[in-house]
Amino acid sequence: MRTNLKVVDNSGAKRVMCIQALKGKKGARLGDTIIASVKEAQPRGKVKKGDVVYGVVVRAAMQRGRCDGSEIKFDDNAVVLVNKQGEPIGTRVFGPVPHELRKKKHVKILTLAEHIA
């Protein structure tokens, strides 16, 4: 694990490090939930440095095939912080978010996103 991910919501964290992928042994793919540790945080945010949080991977540099035969891949690895119930901690999501999150039951993240890829 130990992957550094960018946080793309306004929860207060800037960078997190993946501790564990909650599904499978291989690692997290697009739309998977992870457990992460906050490495960098903004002052007066909802989360602090050192907090252990849950997150949903919304952008991954590893490519993923779509059902129409095309493939999607992003420039960076990014995550949106969520609570244990799966609801986002922040109120805004920055940057593009893939529509595959709808299949993984993360519709709330899609409604907050500014651009759906």
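Structure: see above.
Since the structure is predicted, the reported quantities are computational estimates derived from the model, not experimental observations.

Strand order in the closed barrel formed by five strands is β1-β2-β3-β4-β7, and the pairing between neighbours is mixed. Ignoring which end each strand starts from, the neighbouring axes of this sheet average 55° apart. Pairing of strand β1 (residues 4-7) with strand β7 (residues 78-82) involves two bridges; the strand directions are parallel. From the neighbouring strand, Lys 6 faces β7, where its bridge partner is Ala 78.

Here we come to the environment of Glu 87. Mapped onto the elements, Glu 87 comes out in the loop between β7 and β8 (93-97). For Glu 87, a relative accessible area of 43% puts it in the partly exposed group. For the pair Glu 87 and Ala 60, spaced 27 residues apart in sequence, the C-alpha to C-alpha distance is 20 Å.

Bringing the pattern of salt bridges into the picture now. Per the counting criterion, the structure on display carries five salt bridges. Lys 104 serves as the salt-bridge partner of Asp 32, at 3.1 Å between the closest nitrogen and oxygen. Here Lys 104 lies in the loop between β8 and α1 (107-112) and Asp 32 lies in the loop between β2 (13-21) and β3 (33-41), a separation of 72 residues in the sequence. A residue is classified by how much of its surface remains accessible, and Lys 104, at 28% relative accessible area, is partly exposed. Here Glu 100 and Arg 66 are joined by a salt bridge, their closest N and O atoms 2.7 Å apart.

Rules and cut-offs
Residues numbered from 1 in each chain as written. Predicted model: local features only at pLDDT ≥ 70, side-chain atom pairs only at ≥ 80, totals over all residues. Heavy atoms only, no water. Pairing = 2+ DSSP bridges. Helix = DSSP H or I, 4+ residues; strand = E, 2+ residues; numbered from the N terminus. Axes fitted to C-alpha atoms, helices over the stretch in contact; angles between N-to-C directions. Buried < 20%, exposed > 50% of the residue type's maximum accessible area, 1.4 Å probe, protein only. Salt bridge = Lys/Arg side-chain N within 4 Å of Asp/Glu carboxyl O.

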